[in-house]
Amino acid sequence: MTPREFKEQPLLLDVRNLTIRLNSAAGLVHAVEDVSFVLREGQTLGIVGESGSGKSVMARSLMNLLSRRSVAQRQGSVVLSGREISALSEREMQKLRGAQVAMIFQDPMTALNPVLTICVQVSEPLQQHLGLSKQAARQRTIELLDAVGIPDAANRVDQYPHQLSGGMRQRVVIAIALACDPALLIADEPTTALDVTVQKQILDLLSRQQTQRRMGMLLITHDLGVVASRADIIAVMYAGRLVELAPATTLFGAMRHPYTEALFNSIPRISDPGHTRLQAIPGRPPQLHHPSPGCAFAPRCQYAQQRCHRETPPVVMAESSIVSAKPTEHLHACFFPVAKSASGGVN
Amino acid sequence: MSDQPGQTTPLQLRDRDDIVLRIEHLSVNFRVGKQTVQAVSDLSLDVARGETLGLVGESGCGKSTVGRAIMQLPPPTAGKVLFKGQDLCLLSGEALRQTRTALQMIFQDPISSLNPRRKVRDIVAEGLQIWGRPSQQSRVREVMEAVGLDPDAVADRRPHQFSGGQCQRICIARSLALDPEVLICDEPVSALDVSVQAQILNLLEDMKQRYQLTMVFVAHNLAVVRNVSDRVAVMYLGKLCEIGGTGSVYARPAHPYTRALLASIPDMNPLSRHQQDGLPLLHGDLPSPANPPSGCRFRTRCPNAQALCAEKEPLMQAVRQTEQNEPQSKTTGVVSDHFVACHFPL
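Calculation rules
- Residues numbered from 1 in each chain as written.
- Chains lettered and ligands numbered in written order.
- Predicted model: local features only at pLDDT ≥ 70, side-chain atom pairs only at ≥ 80, totals over all residues.
- Helix = DSSP H or I, 4+ residues; strand = E, 2+ residues; numbered from the N terminus.
- Rg over C-alpha atoms; globule rule 2.2 N^0.38 Å.
- Buried ≥ 20, exposed ≤ 12 C-beta atoms within 10 Å, placed from the backbone.
- Contact = placed C-beta atoms within 7 Å.
- Nonpolar A, V, L, I, M, F, W, Y, C, P; charged D, E, K, R; others polar.
- Pairing = 2+ DSSP bridges.
- Axes fitted to C-alpha atoms, helices over the stretch in contact; angles between N-to-C directions.
- Parallel < 35°, antiparallel > 145°, perpendicular 65-115°, else oblique.
- Left-handed = near helix turned anticlockwise from the far one by under 90°.
- pLDDT = per-residue confidence, 0-100.

Chemist: Teacher, can you tell me more about the overall build of chain B here?
Modeler: Along its length, chain B carries 11 helices and 12 strands. At 21 Å, chain B has a C-alpha radius of gyration in line with the 20 Å of a compact globule built from 346 residues. Along the first, second and third principal axes, the C-alpha set of chain B runs to 65 × 55 × 50 Å. Evaluated residue by residue, chain B yields a buried proportion of 46% over its 346 residues. Across chain B, contacts joining residues at least 24 apart in sequence account for 66% of those joining residues at least 6 apart.

Pasting the structure below:
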């Protein structure tokens, strides 16, 4: 689907100014700072960031999965299909989880209950949300397992998680997530714990199911390569903030934020000859306990100027998208944006 | 080379003077309950001086076990590990301890491979102290500076005060302190953030030049292996599938498994989105190494498998070079440097 077609799709998720501060032994952690984005039906938003960039905290907070004790502060609004969900009670949230929003976690080993059969675990949402009988839920479970590519589903259904391989377990987790036909699927590093060959199978499976069901999907990953060819829109997070957001093709055509550019350049590429010197990013991601004033990336940024260390850059519309006739929304948070094309051309 | 009866010298081993590490018919078995798992089965390869050999494969294919078997951790069940012509498997006790200083290892998780109670200075100096090497202080300073750590700032701190990338630098400094000839890196960057990964890869490359290291680089990330390796060995379920010059293997994979691995790499081009499906790809998961398939171990997932593949185990054979190939080995003339174990190579 082109961005233009998406413009006509109804809004599925609207996150505005989401800010989350967490309690920790070392003090308040500014995990998510003023993040806003929208997701339309059937769209995939890829959220890219390194560990500690706040991407998982944000995803969990959308589902209200952060423990009450750990959250010190939470601001902003989350509107799902026209309904504000950030202030829902736990009971109301329960009705939503699994039915309208479902989540896939990184580690399929720990996401499943080791002492319950696959059947019990996949049936649970079917019985809970759809009110299916035990027998009907079992039948539906077998169909679901079949749909996510588990061979011999009728027999597998009575097995326990330990009898399945990592890839198969992740398929079961996906089956659970898809059970009630959610409108929004949040996939938090769904393939990080898996081998490359299995990673591709799982990503292909997610893409297929998403197209069939017209789900919206948040695909969270640290791997720019995973989202490049899978996401419609890519959001890059750094130190809890959204630093760049654009349709995938636009982003790879012209990266604006120096962090996006640096991240892209630091990845070894299969097409480069051996022993190519990598363009490493100096330093390391900042601690989020005491955010310093200014842009969080400034200490590692090769283009940083004095202003970058003093003021926090606001999220603004990239110039090219204002000028161009195409309705592409390209946002970035940088005072001195770069213009880098993924094909290597720098203007 | 004294071949044991019934064992011929594997084709892929090179007859060169500068071979530092030579593994012949290596097998490593583990007992799991009542079963025996063949983690590595009859694997032969060699590494020349100054070369980096990349070892790739899915988790459970035995690549880490090969790295550890070289170090005799634990000693292999069968086969030889020749370091500069000397079989490490025949050494024991003190002799092995002496020889092993020339081989050092770096592990995947840099934080858990450092003792949290010790100061960085002591961690890096430990090998030197054990061996009573002279001028320890200056050597510790030198390797710490070499890996990009400021000795004055970090020497008296403990590992928990450092990030993963910094800890990996400490691990590298520790491994270099005894001036090793061979560095075995077991997934050295897979626990690190993308932005730090490039720093460590660049550092390893610098250290290789500076200290003239020979490296065995175990990793599952094919792009990383492409970047660091001169030669690459692809393993599947304890067996060597393909070995050759990195350029040759990546450009013209001869084993269906290698091709599938390469096809699994996510594409960095957003425009390739709709071309993703339909590529020849692996089905299913890795079979249990306790009960590997007969014949070729890859046949259960191979798109090209035929009856022969179930009956007979494929032997290593040279990959036929096409004309546009760069001349692979000028010194030996006709011999190819690219080998594959497949009945029906691509």
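Chemist: Can you walk me through the overall build of chain A in this structure?
Modeler: The secondary structure content of chain A amounts to 14 helices and 12 strands. What you see for chain A is a C-alpha radius of gyration of 21 Å, in line with the 20 Å of a compact globule of 347 residues. Dimensions along the principal axes, computed over C-alpha positions, put chain A at roughly 65 × 50 × 45 Å. Contacts in chain A between residues far apart in sequence, at least 24 positions, make up 67% of those at least 6 positions apart.

Chemist: Help me out: how do you make sense of the interface of chain B and chain A in this one?
Modeler: How big an interface is tends to be stated in terms of the accessible area lost upon association of its parts. Opposite the 41 residues of chain B that make contact, chain A presents 39 residues. Looking at the side of chain B that touches chain A, the elements with two or more residues in it are helix H7 (194–210), helix H8 (222–228), helix H9 (246–251) and helix H10 (256–263) of chain B. Of the residues forming the side of chain B that touches chain A, the biggest block, 8 residues, is contributed by H7 of chain B. Along the lines of polarity and charge, the residues of the side of chain B that touches chain A split into 17 nonpolar, 15 polar and 9 charged.

Chemist: Whenever I open this one, the environment of alanine 318 of chain A confuses me. Can you help?
Modeler: Residue and element names in this part refer to chain A. Along the chain, alanine 318 falls in the loop between strand S11 (316–317) and helix H14 (319–323). Judged by the 25 C-beta atoms lying within 10 Å of it, alanine 318 falls in the buried class. Put simply, alanine 318 and glycine 27 are 291 residues apart on the chain and 35 Å apart in space, counted from C-alpha to C-alpha. Ignoring any residue separated from it by four or fewer positions in sequence, one finds alanine 318 in contact with Arg256, His330, Leu331, His332 and Pro337.

Chemist: Mind showing me how you'd approach the pairing of strand S7 (residues 182–186) of chain B here?
Modeler: Residue and element names in this part refer to chain B. In terms of burial, S7 is largely enclosed, as 5 of its 5 residues are buried. The two faces of S7 match: Val182, Ile184 and Asp186 on one face and Leu183 and Cys185 on the other face are all buried. Of the pairings in the sheet, the one linking strand S6 (residues 103–106) to S7 comprises 4 bridges and is parallel in character. Paired with leucine 103 across the two strands is valine 182, which belongs to S7.

Chemist: Help me understand the packing of helix H12 (residues 258–266) of chain A against H7 of chain B in this model?
Modeler: The description of two helices packed together rests on the angle between their axes and the distance between the axes. Two elements in contact, H12 of chain A and H7 of chain B, have axes whose closest approach is 9 Å; the angle formed by their N-to-C orientations is 45°. The angle between H12 of chain A and H7 of chain B places the two elements in the oblique class. By crossing handedness, the relation of H12 of chain A to H7 of chain B is classed as left-handed. Only Val194, Ser195 and Ala198 of chain B of H7 of chain B make contact with H12 of chain A, whose side of the interface consists of Ala262, Leu263 and Ser266 of chain A. Residues that form the contact of H12 of chain A with H7 of chain B fall into these classes: 4 nonpolar, 2 polar and no charged.

Chemist: Can you help me understand the pairing of strand S6 (residues 101–104) of chain A in this one?
Modeler: On any regular strand, side chains alternate: one points to one face of the sheet, the next to the other face. Residue and element names in this part refer to chain A. Burial along S6 is two-sided: the face carrying Val101 and Met103 and the face carrying Ala102 and Ile104 are both buried. The sheet contact formed by S6 and strand S7 (residues 184–188) spans 4 bridges and is parallel. If you follow isoleucine 104 over to S7, its bridge partner there is alanine 187.

Chemist: Explanation requested: H12 of chain A in the structure shown.
Modeler: An α-helical segment advances 3.6 residues per turn. Residues three or four places apart therefore align on the same side. By the criterion of burial, H12 of chain A is predominantly enclosed, with 8 of the 9 residues buried. Within the span of H12 of chain A, buried status applies to Pro258, Tyr259, Thr260, Glu261, Ala262, Leu263, Phe264 and Ser266 of chain A. Those residues of H12 of chain A that are buried are in contact with helix H10 (224–228), strand S9 (233–238) and strand S10 (241–247) of chain A together with H7 of chain B.

Chemist: What is the right way to look at unusual backbone geometry in this model?
Modeler: Note on backbone geometry: most residues besides glycine have negative phi, and most peptide bonds are trans. Residue and element names in this part refer to chain B. Omega for the peptide link from leucine 73 to proline 74 comes to -5°, which places this bond in the cis form. Structurally, proline 74 is set in the loop between helix H1 (63–70) and strand S4 (78–83). Positive phi, close to 45°, is recorded for histidine 25, a residue that is not glycine. Along the chain, the position of histidine 25 falls in strand S1 (residues 19–32).

Chemist: Quick question: what am I supposed to make of the sheet that holds strand S2 (residues 29–40) of chain A here?
Modeler: Pairing between sheet strands relies on hydrogen bonds along the backbone, with the strands arranged either parallel or antiparallel. Residue and element names in this part refer to chain A. Pairing is antiparallel in the open sheet, where 4 strands are placed in the order S2-S1-S4-S5. A strand with exactly one partner marks an edge of an open sheet, and here the two such strands are S2 and strand S5 (83–84). Direction of pairing for strand S1 (residues 11–22) relative to S2: antiparallel, over a ladder of 8 bridges. By the bridge assignment, leucine 18 is partnered in S2 with valine 35.

Chemist: Honestly, the confidence of the model for chain B in this entry has me stumped. Any pointers?
Modeler: Predicted coordinates in regions of low pLDDT should not be interpreted in detail. Residues and elements named next belong to chain B. Residue-level pLDDT values for chain B average 88, and 91% of them are 70 or greater. Within the model, the stretch residues 323–334 combines pLDDT values under 50 with 7 contacts to residues more than four positions away or in other chains. Overall fold confidence for the complex sits at a pTM of 0.87, while the interface term, ipTM, reaches 0.83.

Chemist: Help me understand the confidence of the model for chain A, please; the structure alone is not making it clear to me.
Modeler: Residues of chain A with pLDDT of at least 70 account for 93%, and the chain-wide mean is 89. Note on residues 343–347 of chain A: pLDDT is under 50 here. Beyond four places in sequence and across chains, it has 3 contacts.

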